[in-house]
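One letter stands for each residue in the lines below.
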Amino acid sequence: MFCAITPAFAIDPLPFKDAAQRERFQHLTSQLRCMVCQNESLDASNADLARDLRHQIFEMMQQGKSDEQIKQYLVARYSDFVLYDPPLKASTMALWFAPPALVVVGGIVVFVLLRKRAKPAAQIAMNETGDDW
Amino acid sequence: MSARLIPFAVFALLVVLFGVGIVWNEHHDASYVPSPLIGKPAPAFDLPMLDDASQRVRKHDLLGKPYLINVFASWCFACGDEHPVLMEYADRIGVPLIGYDYKDKPADAKAWLAQHGNPYAQVIADESGATAIDFGVYGAPETFLVDAAGVIRYKHIGPLTPQVIAQELEPAIKAAQDSTR
C-alpha cells in the first residue's frame with residue numbers, strides 16, 4: 001500500500017547545488033534500505049518515512065557530513081538493517097565468507113574428481129601413443 | 001562411501017537445508033528489526049502535548065520512574081487493533097502510558113481518542129515525525145519501555161497483545177522497576 005514501483009526521487013525534487021551532489025545523494029540513498037518497504041531503497045521508495053529520511057540526508061549533506069557519518073546516523077537509529085551491504089563483523093563473518101568458501105571447496109571437489117577421471121584416460125592415451133611410436 | 005552416492009548425499013543435504021529454511025521462516029518474521037537503541041539512553045525530545053500545544057514535554061520531565069511510550073496515529077490501522085488492549089491494560093501495567101502521536105494532525109488524533117477512548121496518561125504530538133527518526137520509529141504502533149534513568153529497556157514493534165504484554169512487557173517492566181528500587 002505504501003510502496004510503488006516508480007522511483008520516488010523524481011516526484012520529490014530536492015534543491016541540489018549541482019549534478020555531482022545529486023549523484024552523490026542518489027548513490028548514497030540507493031545503498032540504504034527503506035524500513036517501511038523493506039525491499040526498496042531510500043532512493044526508490046515512496047513511503048512517507050523514506051521521504052523524511054531523504055530530506056534528513058539532504059540536510060546532513062548540506063551540513064558537510066560525509067557519507068560515512070550519514071550512514072552511522074541511520075545505523076544508530078535503525079540498526080545495520082538499513083544498509084544493503086551488511087558491515088563486516090563477527091556476527092556477519094558467515095554471511096561474507098561462506099559463499100567464497102563454498103566456491104573454493106566446490107572447486108577443489110571438481111578438480112579432484114576431474115583428475116581422477118582424467119588419469120586413466122591419460123594413461124590409455126599415453127599407452128596408445130607409446131604403442132604407435 | 002561409493003562415489004555414486006555423492007550426488008544423492010548432496011541432494012539430501014539440500015533437502016535438509018531448504019527444509020530448515022522453511023521451518024525457520026514460519027517461526028521468525030524476517031522483517032523484524034531489533035532496535036539498536038535498547039540499552040541506550042532514549043533520545044532527547046521536546047514535544048508539545050496533544051491537548052495543549054503550548055505545554056511541552058521534555059525527556060527530563062519524565063525521568064525518575066519507568067514509563068511506556070506508545071507510538072500511535074489516527075491513520076494507523078494496526079493501532080485500532082491495539083487500542084482495546086491498551087484500554088484494558090493501561091491501568092494494570094504499573095507504569096504511566098505515554099501516547100506518542102506520530103505524523104498525525106492533532107485534530108484527527110483528538111477525534112480518534114474521543115471516539116475510541118483515551119488510555120494514555122498524557123499524549124505528546126510529533127506532527128512532523130522528526131523526533132520519531134531519533135527513536136528509530138518506522139511503523140506505528142511501536143512501544144518503548146524507558147526506565148527511571150531514561151534508558152530504553154524494551155521495544156515492541158506492532159500491536160501489543162495480551163500475550164506480548166504477559167510474556168515480554170510485564171517482565172521487562174518488573175525488571176525496570178526492580179533496578180530502580
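The structure reproduced in this document is the subject of the present report.

The rules behind these values
Residues numbered from 1 in each chain as written. Chains lettered and ligands numbered in written order. Predicted model: local features only at pLDDT ≥ 70, side-chain atom pairs only at ≥ 80, totals over all residues. Heavy atoms only, no water. Contact = heavy atoms within 4.5 Å. Buried area = accessible area lost by both parts, 1.4 Å probe. Salt bridge = Lys/Arg side-chain N within 4 Å of Asp/Glu carboxyl O. Polar contact = N/O pair within 3.5 Å; in protein donor to acceptor, adjacent residues only side chain to side chain. Helix = DSSP H or I, 4+ residues; strand = E, 2+ residues; numbered from the N terminus. Nonpolar A, V, L, I, M, F, W, Y, C, P; charged D, E, K, R; others polar. 1 Å grid on protein atoms, 1.4 Å probe; cavity = no way out; pocket = protein on both sides within 12 Å on 5 of 7 lines; lining within 4 Å. Points joined across faces, edges and corners; volume = space filled by probe spheres on them.

**Here we look at the interface of chain B and chain A**
Part 1 of the argument: Each partner contributes residues to the interface: chain B has 15 residues there, and chain A has 14 residues.
Part 2 of the argument: Both sides together, the interface formed by chain B and chain A hides about 1,200 Å², and carbon and sulfur atoms give 61% of it.
Part 3 of the argument: Where chain B meets chain A, there are 3 salt bridges.
Part 4 of the argument: The partner of Asp48 of chain A in a salt bridge is Lys103 of chain B, and the shortest N-O contact between them spans 3.7 Å.
Part 5 of the argument: Summed over the shared surface of chain B and chain A, the result is 3 residue pairs in polar contact (both at pLDDT 80 or more).
Part 6 of the argument: Counting residues per element, the side of chain B that touches chain A draws most heavily on helix α4 (residues 130–134) of chain B, at 3 residues.
Part 7 of the argument: Residues of the side of chain B that touches chain A, tallied by class, amount to 10 nonpolar, 3 polar and 2 charged.

**As for empty space enclosed by the protein**
Part 1 of the argument: Summed over all chains, the structure comprises 2 cavities of 30 Å³ or more.
Part 2 of the argument: As a volume, the largest cavity reaches approximately 40 Å³.
Part 3 of the argument: In this structure, the largest cavity is lined by Leu68, Val85, Leu86, Tyr89, Ala90, Ile93, Leu97, Leu160, Ile165 and Leu169 of chain B.
Part 4 of the argument: At the level of elements, α2 (77–89) and α5 (162–180) of chain B are the ones that each hand at least two residues to the lining of the largest cavity.
Part 5 of the argument: No other element matches the 3 residues that α2 of chain B contributes to the lining of the largest cavity.
Part 6 of the argument: For the lining of the largest cavity, the class distribution of residues is 10 nonpolar, no polar and no charged.
Part 7 of the argument: Estimated volume of the second largest cavity: approximately 30 Å³.
Part 8 of the argument: As for the second largest cavity, its lining consists of Met35, Arg77 and Tyr78 of chain A together with Val33, Pro34, Ser35, Pro36, Gly136, Tyr138, Lys155 and Ile157 of chain B.
Part 9 of the argument: For the lining of the second largest cavity, the secondary-structure elements that each account for two or more residues are α3 (67–78) of chain A together with β7 (152–157) of chain B.
Part 10 of the argument: Here the residues of the lining of the second largest cavity are counted per class, giving 7 nonpolar, 2 polar and 2 charged.

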